[in-house]
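# Analysis of the macromolecular model
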Amino acid sequence: MAISLKGSVKKKSAAEDQPIITIYGVPKIGKSSLASEFPRPVFIQTAAGESVPAGIVADTIEVRNYNDLCEAIGALVNEEHNYATAIFDSTTGLENIIRNEACARNGWKTIEEPGYGKGYKIAASIFLEYIDGIMTLRSHRQMAVVQLGHCDISRFESPTTDPYSRYRVNLHKDAADIIEANSDVIAFLNFKASIKKVDAGFNKQLTHAEGGGARWMFLEERPGFIAGNRFSMPPELQFKKGEGYAALAKYLPAPLAEAA
């Protein structure tokens, strides 16, 4: 069929859609607590060790295999409910579920069995099926999606500088690439530290880190970590426990921000 400019259509900006947000960070900084502050949340727990924050009562759906995951997303798409935010806790459990599915489909005992990284490529294709599911959840039900991840320090082979280390979501590179590319917000949570030098005598200096307990949300990429957003957020936001969503809400599209 021939393409004509008469067939062009107007589309709204993606910034008007409910966001897909990836939140990752150092241990015990309050990722799950922050997610629980989002409007009318439901937790999709992907591993037995994950749990909602202490002192918080939240609706949860436990998924332990790929069929469970698909059914949970399908129920949120098709059934009547009042949830506004789907929280996948965590991406590590999600990756394990998807790796197991890749093995089951191909008769492998482990994801490494086919060799040459083939198993991870197949798992990445299944990750894209999951992405289709959360995109449907966002478009059909106007739900926000929050993905919680642990962090890892990985080596980055920069084409313009010497290699260096940075924080990234603790997933295989192929899976991390997919999660990052399909997130409207990537927030890295950490505590700030300053390096102090102390004179140790004999012309020697010792260095040590200092810093308070303030929590910071980094929303723009720096050499030391992956982050970013599509909503003109500031590079970083300081937040207190219980006030993290409020710090984000003013930048997020309605009606999510209005539900704060």
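See the structure shown above.
Reference entry: report on the structure contained in this document. (Residues numbered from 1 in each chain as written. Predicted model: local features only at pLDDT ≥ 70, side-chain atom pairs only at ≥ 80, totals over all residues. Heavy atoms only, no water.)

## Digging into the environment of I134
Position of I134 relative to the elements: it lies in helix α4 (residues 118-141). Measuring from C-alpha to C-alpha, the distance between I134 and L76 comes to 9.9 Å, with 58 residues separating the pair along the chain. If sequence neighbours within four positions are ignored, I134 has contacts with I20, I73, F88, V145 and Q147. (Helix = DSSP H or I, 4+ residues; strand = E, 2+ residues; numbered from the N terminus. Contact = heavy atoms within 4.5 Å.)

## Regarding helix α5 (residues 173-181)
Among all positions of α5, only D174, A175, A176, I178, I179 and E180 are buried. In this structure, the buried side of α5 is in contact with β1 (20-25), α3 (91-106), α4, β5 (144-156), β6 (164-169) and β7 (185-191). (Buried < 20%, exposed > 50% of the residue type's maximum accessible area, 1.4 Å probe, protein only.)

## What to know about the packing of α3 against α4
Two elements in contact, α3 and α4, have axes separated by 9 Å at closest approach and are oriented at 115°. In this structure, the crossing between α3 and α4 has a hand that is right-handed. Of α4, the residues touching α3 (which contributes L94, E95, I98, R99, E101, A102, R105 and N106) are Y120, I122, A123, I126, F127, E129 and Y130. Each residue belonging to the contact of α3 with α4 can be placed in one class, and the counts come to nine nonpolar, one polar and five charged. (Axes fitted to C-alpha atoms, helices over the stretch in contact; angles between N-to-C directions. Left-handed = near helix turned anticlockwise from the far one by under 90°. Nonpolar A, V, L, I, M, F, W, Y, C, P; charged D, E, K, R; others polar.)

## Here we look at the packing of helix α2 (residues 66-78) against α4
Interaxial distance between α2 and α4 falls to 9 Å at its minimum, and their mutual angle equals 15°. Compared by their axis directions, α2 and α4 come out roughly parallel. Of the two elements, α2 crosses α4, and the hand of that crossing is left-handed. From α2, Y66, L69, I73, L76, V77 and N78 reach across to α4, where they touch I126, E129, Y130, G133, I134, T136, L137, H140 and R141. Counted by class, the contact of α2 with α4 contains nine nonpolar, four polar and two charged residues. (Parallel < 35°, antiparallel > 145°, perpendicular 65-115°, else oblique.)

## A look at empty space enclosed by the protein
Taking a probe equal in size to a water molecule and rolling it over the atoms shows the remaining empty space. As enumerated under the stated definition, the model contains two cavities of 30 Å³ or more in all. In this structure, the largest cavity occupies an estimated 70 Å³ of space. Lining the largest cavity we find E95, I98, R99, Y120, A123, A124, F127, H172, D174 and A175. Elements with a contribution of two residues or more to the lining of the largest cavity: α3, α4 and α5. In this structure, the second largest cavity occupies an estimated 40 Å³ of space. In this structure, the second largest cavity is lined by I29, G30, S33, L34, E37, R215, F239, K240, K241 and G242. Of the residues assigned to the lining of the second largest cavity, the class counts are three nonpolar, three polar and four charged. (1 Å grid on protein atoms, 1.4 Å probe; cavity = no way out; pocket = protein on both sides within 12 Å on 5 of 7 lines; lining within 4 Å. Points joined across faces, edges and corners; volume = space filled by probe spheres on them.)

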